[in-house]
Amino acid sequence: METVIILVFVFGYLAITLEHSIKIDKLIPALVMMAISWALISLGIDSFPNWFDSAKHALVDNFPALGHEAKMHLMEETLLHHLGKTAEILVFLLGAMTIVEIIDYFDGFSTIKNFIKTKKKSKILWIFCGLAFVLSAIIDNLTATIVLISILQKIVKDRNVRIWYAGLIIIAANAGGAFSPIGDVTTTMLWIGKKVSTGHLFGYLLLPSLICMLVPTIIASFLPAFKGNLESQEEDTNKPKSRFSGSMLYLGLGAIVFVPIFKMVTHLPPYVGMMLSLGVVAIFAEIYSSSKFSLTEMDGGESQAHAHHSPVHHSLSKIELPSILFFLGILMAVAALESLGTLFLFADSLQTSVPMLGTELHHSGVSDLVVILLGIGSAVIDNVPLVAASLGMFSEPMDNELWHFIAYSAGTGGSMLIIGSAAGVVAMGMEKIDFFWYFKKISWLALVGFLAGTLVFFWNRTLF
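In this text the structure is predicted, and so the values were computed from the model without any measurement.

Give me the lowdown on the overall build of the protein chain, citing residues and values where you can.
Helix and strand counts for the protein chain come out as 22 helices and two strands. A total of 464 residues make up the protein chain; the buried ones form 56% of that total. A separation of at least 24 residues holds for 78% of the contacts in the protein chain among residues at least 6 apart in sequence. A total of about 19400 Å² of accessible surface is found on the protein chain, and carbon and sulfur atoms cover 66% of it.

I'd like a rundown of the pattern of salt bridges, residues and numbers included.
Using the criterion set out here, one finds four salt bridges in the structure. A salt bridge links E88 to K85; its shortest N-O distance comes to 4.0 Å. Taken as a pair, E88 and K85 lie in helix α4 (residues 68-105) at a separation of three residues, close to a single helical turn. Across the pair E431 and R162 runs a salt bridge whose closest N-O atoms are separated by 2.6 Å. Here R162 lies in helix α8 (residues 159-178) and E431 lies in helix α20 (residues 422-431), a separation of 269 residues in the sequence. On the basis of relative accessible area, R162 is assigned to the buried category, the value being 10%.

Requested: an account of unusual backbone geometry, with residues and values cited.
A positive phi angle, close to 50°, is found at N62, a residue other than glycine. In the Ramachandran plot, D399 falls in the positive-phi region, its phi being about 65° despite a non-glycine side chain. For D399, the location among the structural elements is in the loop between α18 (383-393) and α19 (401-413). Taking relative accessible area as the criterion, D399 reaches 15% and is therefore assigned buried.

Please set out the environment of R162 residue by residue, giving values where relevant.
Taking the C-alpha atoms as reference points, R162 and L152, separated by 10 residues in sequence, lie 7.2 Å from one another. When near neighbours in sequence (up to four residues on either side) are disregarded, R162 contacts L152, Q153, V156, K157 and E431.

Requested: an account of the environment of G12, with residues and values cited.
Along the chain, G12 falls in helix α1 (residues 2-17). With 20 residues separating them along the chain, G12 and V32 place their C-alpha atoms 7.8 Å apart. Not counting residues within four places of it along the chain, the set of residues in contact with G12 comprises P29 and M33.

Quick one: what's the story with the packing of helix α7 (residues 141-155) against α8, residue by residue and with numbers?
In helix packing, the relevant descriptors are the interaxial angle and the interaxial distance, both defined with respect to the helix axes. Contact geometry for α7 and α8: axes closest at 10 Å, N-to-C directions at 155°. It follows that α7 is roughly antiparallel to α8 by the angle criterion. Crossing angle aside, the handedness with which α7 passes α8 is right-handed. Contact residues: α7 offers N141, T145, L148, I149, L152 and Q153, while α8 offers R162, Y165, A166, I169, A173 and N174. Split into classes, the residues belonging to the contact of α7 with α8 amount to seven nonpolar, four polar and one charged.

Criteria and cut-off values
Positions within a chain are numbered from 1, following the residues in the order the chain's sequence is written. Predicted model: local features are reported for residues with pLDDT of at least 70 only, side-chain atom pairs are reported and counted for 80 or more only, and whole-chain, interface and lining totals are derived from all residues. In computing side-chain properties, one takes all heavy atoms of the structure into account and sets aside hydrogens as well as water. To qualify as a helix, a DSSP run of H or I must reach at least 4 residues; to qualify as a strand, a run of E must reach at least 2; elements of each kind are numbered from the N terminus. Here's how the labels work: a residue is buried when its accessible area is under 20% of the maximum for its type, exposed when over 50%, partly exposed in between, all with a 1.4 Å probe on protein chains only. Two residues form a contact once any of their heavy atoms are found within 4.5 Å. Per-residue and other accessible areas follow the Shrake-Rupley method at a 1.4 Å probe size, with only the shown protein chains counted as cover for residues. Salt bridges are defined as contacts in which a side-chain nitrogen from Lys or Arg sits within 4 Å of a carboxyl oxygen from Asp or Glu. Helix axes are fitted to C-alpha atoms over the stretch in contact, other axes to C-alpha atoms as well, and angles between N-to-C directions run from 0 to 180 degrees. The scheme is simple: roughly parallel for angles under 35 degrees, roughly antiparallel for over 145, roughly perpendicular for 65 to 115, oblique for anything else. Crossing chirality is assigned from the near helix's rotation relative to the far helix, an anticlockwise turn below a right angle marking it left-handed and a clockwise turn marking it right-handed. Residues are grouped as follows: nonpolar covers Ala, Val, Leu, Ile, Met, Phe, Trp, Tyr, Cys and Pro; charged covers Asp, Glu, Lys and Arg; every other residue, Gly included, is treated as polar.

Structure below.
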């Protein structure tokens, strides 16, 4: 039965990657493989030799000896646990995307658009990659990607050019999230699990993460896609401009930045802070909406109706629900593999079968090659269960360089495939980026950056 579930995942994964060839939206195979995987688990619960308790990050002791009812109860609890964790991400994502759409409703991104005077493609690349690196460390790589691609859509109208920028934003956002305790979900897991401290995380990973972003950006700036200038965009002079565009931009971005602060103060999950931020932004949006446009004397019922339309309802109607459902399907499908202990046992067998090649960690018996393969594996399988497996598998003390190397590898390795990270999945949904286009054009840049950062990490840890 376990083999059948793995095959379902593999075929579903292939259907997602071949979305444009088979003409089936990626959310369909994601939802189907999620539902079938959990159905097979329910039907064959008595035949599985292992069960992974995600809440405790460990395999359940003597699982085969449990009764059928106990196993079913454990499966229901595990399913509910994964649904809760996935829902946290989806609700957070919904809040962030709604705030972004509210900002756009008030033409807020035109303020940033006006700041960027240059038309040179390479300069715009550096601006966005720099912003992605910094913002992802402050507000997390997922939110940073949403915000920056939303801004990018206002500045670069040609989608064929824009997806190149989106690809480099994914690399930069994942690199920036790796060295911050709130920048990436896997780094946050290690931080909350008391495996890394904030000070050592910055010390170990700031320079490797920076190199991981700089090297691909430098190489990309010489590629034909970033040569020359952007085509001049004709401004839509008939579109009414909002008097509150600047205010809503700063309020919206400030509300998003507030989320990690709220988390640190209250120790509540980030989605709670995001809902508070959305509520505050929505209050001001409703107040401003009655006088949204500066051209109040404009004729035409359509413009007047738009001005009095609820900005929150309008923004929610523009949310990409297919992306949300795809996210639900892919995360819950990976959760099924995790629950069977498949990923845990894979990581365990990797540790025992891979020889102690390369430079070994100073205070650890774990080969660097294992952690590098863990990073490459996070591009194929979600990095969250891989890091969860490492938490239960390795027993090194807090701030051992192993944990920091895992944080770097899992955080940046996902950039190698577009569905290897939350930032990539969101960008794929927002820009309809083809899996194989990303694989051919961007993956090699992400690999070069990952390896360059790895070499810098090896050098950097000798200083500690």
